[in-house]
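The chain contents come next:
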Amino acid sequence: MLAAGHVDFYQNKIGLKLKFRNDGWVEFDLGTTSFALLTRPEEKRKVVPVKTRIMFETENIQAFYTRALALGIVCIGGIREEEYGSLLTLEDPDGHWLEIYQDKPNRRSRASGYLGNR
């Protein structure tokens, strides 16, 4: 069963829209795609996963960063400027890193939607 903190983090702190939930699965609506978390089967707990990073795009990374700090989200450093745009690294309740990204002005966006800045 997924801990309530996982759903709270992605829904209320990151701003994803909850699409579906049961004991072992939670799915968030990202517009043309979905993002899901599942309970890892006991037999797979012996496998050591490699690090994975997921990137979400936002229209206003500064507002997102300010909100993240206010909500107590662990931020790995601050906003960094890269050649392709601004980047912020966060940590979820399990210690997985997430990237929040804002495209440079006048650069074509590859994302189909943005994270809300609630």
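Before any of the text, the structure's been laid out above.
Read on for a plain summary of the structure. (Residues numbered from 1 in each chain as written. Predicted model: local features only at pLDDT ≥ 70, side-chain atom pairs only at ≥ 80, totals over all residues. Heavy atoms only, no water.)

It is worth spelling out the nonpolar core at this point. Note on soluble globular proteins: their nonpolar side chains tend to be buried together. By size, the foremost hydrophobic cluster in this structure holds 21 residues, and its most contacted members are Tyr10, Ile14, Leu88 and Leu90. At the level of elements, helix 1 (4–13), strand 2 (25–29), strand 3 (34–38), helix 2 (61–70), strand 6 (85–91) and strand 7 (97–103) are the ones that each hand at least two residues to this core. With 4 residues, helix 2 is the largest single contributor of residues to this core. Excluding its chain neighbours within four sequence positions, the residues that come into contact with Leu88 are Ile61, Phe64, Tyr65, Cys75, Gly77, Gly78, Ile79, Leu98, Glu99 and Ile100. (Core = buried A, V, L, I, M, F, W, Y, C linked by side-chain atoms within 4.5 Å. Buried < 20%, exposed > 50% of the residue type's maximum accessible area, 1.4 Å probe, protein only. Helix = DSSP H or I, 4+ residues; strand = E, 2+ residues; numbered from the N terminus. Contact = heavy atoms within 4.5 Å.)

Moving on to a nonpolar patch on the surface. A cluster of nonpolar residues, Phe20, Trp25 and Leu38, forms a patch on the protein surface that exposes about 290 Å² of accessible area. With respect to the helices, strands and loops of the structure, Leu38 is situated in strand 3. (Patch = residues over 30% accessible without salt bridge, like charges linked within 9 Å, V, L, I, M, F, W, Y side chains within 5 Å. Areas by Shrake-Rupley, 256 points an atom, 1.4 Å probe, with all protein chains shown as cover. Salt bridge = Lys/Arg side-chain N within 4 Å of Asp/Glu carboxyl O.)

Glancing now at helix 1. Residues of helix 1 that are buried include every one of His6, Val7, Phe9 and Tyr10, and no others. Burial along helix 1 is one-sided: seen end-on, the buried residues are contained in an arc of 160 degrees. Buried residues in helix 1 make contact with strand 1 (17–22), strand 2, strand 3, strand 6 and strand 7. Backbone geometry just downstream of helix 1 places Gly15 in the positive-phi region, at approximately 100 degrees. (Arc of directions from axis to C-beta.)

So, on to the environment of Asp29. As for its position among the elements, Asp29 is in strand 2. The partly exposed category is assigned to Asp29, whose relative accessible area is 27%. Along the chain, Asp29 and Leu18 lie 11 residues apart, while their C-alpha atoms are 6.2 Å from each other. Leaving out residues up to four positions away in the same chain, Asp29 has contacts with Lys17 and Lys19.

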